[in-house]
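Letter by letter, the chains look like this.
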Amino acid sequence: MNYLLTKNNITVENSFKINLENTFNCGQCFRWNRLFDGSFVGVAFGKVLSIKTDENKLVFKKTTMNDFENIWADYFDLNLNYDLIEREIAKIDSHLKTVTLFSPGIRILKQDSWEALCSFIISQNNNIPRIKGIIERLCQSFGEKIEDSFFSFPTAQTIAELNENDLAPLRCGFRSSYIIDAAKKVASGEINLQKIKTLPLNIARSELMKIKGVGPKVAECTLLYGMHRLDAFPIDVWMKKAMQNIFPEKSPADFGKYAGIAQQYIFHYARMTKLKEF
DNA sequence: GTCCAGGATCGGA
DNA sequence: TCCGATCATGGA
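Each chain carries its own residue numbering, running from 1 in the written order of its sequence. Throughout, the order in which chains and ligands are written sets their labels, letters from A for the former and numbers from 1 for the latter. Side-chain atom pairs in this predicted model are given and counted only at pLDDT of 80 or more, local residue features only at pLDDT of at least 70, and totals for whole chains, interfaces and linings cover all residues. Computation of side-chain values: all heavy atoms of the structure, hydrogens and water removed.

1. Here we look at the domain arrangement of chain A
Rule in force here: Domain limits in this description derive from either an automatic procedure or a database domain assignment. Any two residues whose heavy atoms approach within 4.5 Å are treated as being in contact. Buried surface area refers to the total accessible area, computed with a probe of radius 1.4 Å, that the two partners give up upon joining, counted for both partners together. A side-chain nitrogen of Lys or Arg and a carboxyl oxygen of Asp or Glu constitute a salt bridge if their distance falls within 4 Å. N or O atoms within 3.5 Å of each other form a polar contact, as long as, within protein, one can give a hydrogen and the other can take it, and as long as residues adjacent in sequence are counted only when both atoms are side-chain atoms. By the criteria applied, helices consist of DSSP H or I runs no shorter than four residues and strands consist of E runs no shorter than two, each listed in order from the N terminus. Amino acid classes used here: Ala, Val, Leu, Ile, Met, Phe, Trp, Tyr, Cys and Pro are nonpolar; Asp, Glu, Lys and Arg are charged; the rest, including Gly, are polar.
Considered domain by domain, chain A is made up of domain 1 (3-79) and domain 2 (113-226). Of note, the centres of domain 1 and domain 2, computed from C-alpha atoms alone, are 24 Å apart. Facing twelve residues of domain 1, the contacting portion of domain 2 comprises 16 residues. Counting each side, the surface lost to burial between domain 1 and domain 2 is near 1200 Å², with a carbon and sulfur contribution of 64%. A salt bridge links Lys 62 to Glu 147; the nearest nitrogen and oxygen atoms lie 3.5 Å apart. Where domain 1 packs against domain 2, one counts five residue pairs in polar contact (both at pLDDT 80 or more). Counting only elements with at least two residues in the side of domain 1 that touches domain 2, the list comes to strand 3 (32-34), strand 4 (40-44) and strand 5 (47-54). Of the residues assigned to the side of domain 1 that touches domain 2, the class counts are five nonpolar, four polar and three charged.

Here it is, written out as structure tokens:
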């Protein structure tokens, strides 16, 4: 992967054809927002980034070469050939081809595992705009100020010191006790996220489900988005409908080692179209 | 007013 | 093991 430093921007050939709009708005992350000029601004790993696509180039703004090499190249998974994977997925089934063509260029962001765990605990029985609001209030209340109105995601150690009343301003309802339990288990090391990353999928899943408020769906999202386990396959209400309507003969195992990526295309298609064609 | 949102927990069959 | 009620909040 070749990159170039020009006028405080870092430019990369978009050879694997990432689509930022589809990547940020497919329900995997909650801290990226689109600006009027078409760029996106967000926070990850305690750093602010502005990013846009310019013809067939990716332009990283508001960052440094050091952060690009140590954080963003990995976060956007720039060394994995998603273009090839997308075409492989499309070959499996004609309906998979349909959903990849509907919103191409999605990639699975390599998010921080604690942030993904906490975010998807908040996501349960909730909608995406409200999830984003709760997470933003969580960061403003307990994260560290980076610059202007940007705050880091609070650490598990910070949240572990709090009680449910402290989380009342978030208005996250019954999920507050789940967040506290997750923070305490992670901060104490009772749940070791770094170790779970390397465990076999079924064992990793059951480890995560030792946390109160973490069931099969949240565990699967943590594995896929926070641990980059690309064979993890979260099934929510939309995925359940999509599997019944579009793929009645198929199971997640039929989608191969990149089933999680296939899942992301299916989910986004289902949510955008509301499955009116099926 | 009712229904729903990237669900999980609990108690009772 | 399975099923339904319930959980807190806000928008449609």
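Let us keep going from here.
2. Quick notes on the protein's contact with DNA strand C
Filter applied, for reference: One heavy atom within 4 Å of a molecule or strand makes the whole residue count as near it.
The immediate surroundings of DNA strand C are formed by Asn 125, Asn 127, Arg 130, Arg 171, Gly 173, Phe 174 and Arg 175. Near the protein, meaning within 4 Å, the atoms of DNA strand C are sugar or phosphate in a fraction of 62%, with bases accounting for the rest. At a separation of 3.2 Å, a base oxygen of DNA strand C approaches a polar side-chain atom of Arg 130. Looking at the surface near DNA strand C residue by residue, the classes come out as one nonpolar, three polar and three charged.

3. Comments concerning the protein's contact with DNA strand B
Around DNA strand B there are 29 residues in total, and Gly 27, Ile 128, Tyr 225, Gln 263 and Gln 264 lie nearest to it. Each atom of DNA strand B within 4 Å of the protein was classed as base or backbone; sugar and phosphate made up 60%. Within the contact set of DNA strand B, a phosphate oxygen lies 2.5 Å away from a backbone nitrogen or oxygen of Ile 128. Contact between DNA strand B and Gly 215: a phosphate oxygen at 3.0 Å from a main-chain N or O atom of the residue. Elements that contribute at least two residues to the surface near DNA strand B include exactly helix 11 (216-226), helix 12 (237-245) and helix 13 (259-273). Counted by class, the surface near DNA strand B contains 14 nonpolar, eleven polar and four charged residues.

4. Thoughts on helix 4 (residues 94-102)
The criterion, for reference: Each residue is assigned to one of three classes by its accessible area relative to the maximum for its type, calculated with a 1.4 Å probe on protein chains only: buried under 20%, partly exposed between the two thresholds, exposed over 50%. The arc in question is the one traced by the directions running from the helix axis out to the C-beta atoms.
For helix 4, the full list of buried residues reads Leu 96, Val 99 and Thr 100. Seen along its axis, helix 4 keeps its buried residues to an arc of 100°; they face one direction. Structural note: helix 4 exposes Ser 94 and Leu 101 on the side pointing more than 90 degrees away from its buried face. Those residues of helix 4 that are buried lie in contact with helix 3 (82-92) and helix 13.

5. So, the nonpolar core
Note the threshold: Put simply, a nonpolar core is a bunch of buried Ala, Val, Leu, Ile, Met, Phe, Trp, Tyr and Cys residues held in one set by side-chain atoms that sit within 4.5 Å of each other.
Residues Trp 114, Leu 117, Ile 159, Leu 193 and Phe 255 are the most contacted members of the largest nonpolar core, which totals 70 residues. Here this core takes eight residues from helix 13, the largest share from any one element. Setting aside anything within four residues of it in sequence, one finds Trp 114 in contact with Phe 153, Pro 154, Thr 155, Ala 156, Ile 159, Ile 179, Ala 182, Ala 183, Val 186 and Leu 193. Of all hydrophobic cores here, the second largest spans 21 residues; its members include Ile 10, Leu 49, Ile 51 and Leu 109.

6. Things to note about the pairing of strand 2 (residues 9-13)
Heads up, the rule is: For two strands to be treated as a pair, DSSP must find no fewer than two bridges joining them.
As judged from the four bridges shared by strand 1 (residues 3-6) and strand 2, these two strands associate in the antiparallel manner. Residue pairing across strands places Leu 5 opposite Ile 10, the latter belonging to strand 2. In this structure, the hairpin formed by strand 1 and strand 2 is closed by a connection of two residues, where Lys 7 is found at a positive phi of approximately 45°. Across four bridges, the pairing between strand 2 and strand 6 (residues 57-61) is antiparallel. Each bridged residue has a counterpart across the sheet, and for Glu 13 the counterpart in strand 6 is Lys 57.

7. Let's talk about the sheet that holds strand 1
Using the following cut-off: For helices, the fitted line uses only the C-alpha atoms of the stretch in contact; every axis is such a line through C-alpha atoms, and the angle between N-to-C directions lies from 0 to 180 degrees.
Reading across from one edge, 1-2-6-5-4-3 is the order of the six strands in this open sheet, with antiparallel pairing throughout. Sheet topology places strand 1 and strand 3 at the edges, where each strand pairs with a single neighbour. Neighbour to neighbour, the strand axes of the sheet diverge by 25° on average, direction disregarded. Set on the sheet, helix 2 (residues 65-75) makes contact with strand 1, strand 2, strand 3, strand 4, strand 5 and strand 6; between it and strand 5 the angle comes to about 70°.

8. Details of the side chain of Thr 63
Note that Thr 63 resides in the loop between strand 6 and helix 2. Thr 63 sits in the buried class, given a relative accessible area of 14%. Looking at Thr 63, its side chain comes within polar contact range of the side chain of Trp 72, at 3.3 Å. In this view, Thr 63 contacts Asn 8, Ile 10, Leu 49, Phe 68 and Trp 72; residues no more than four positions away in its chain are not counted.

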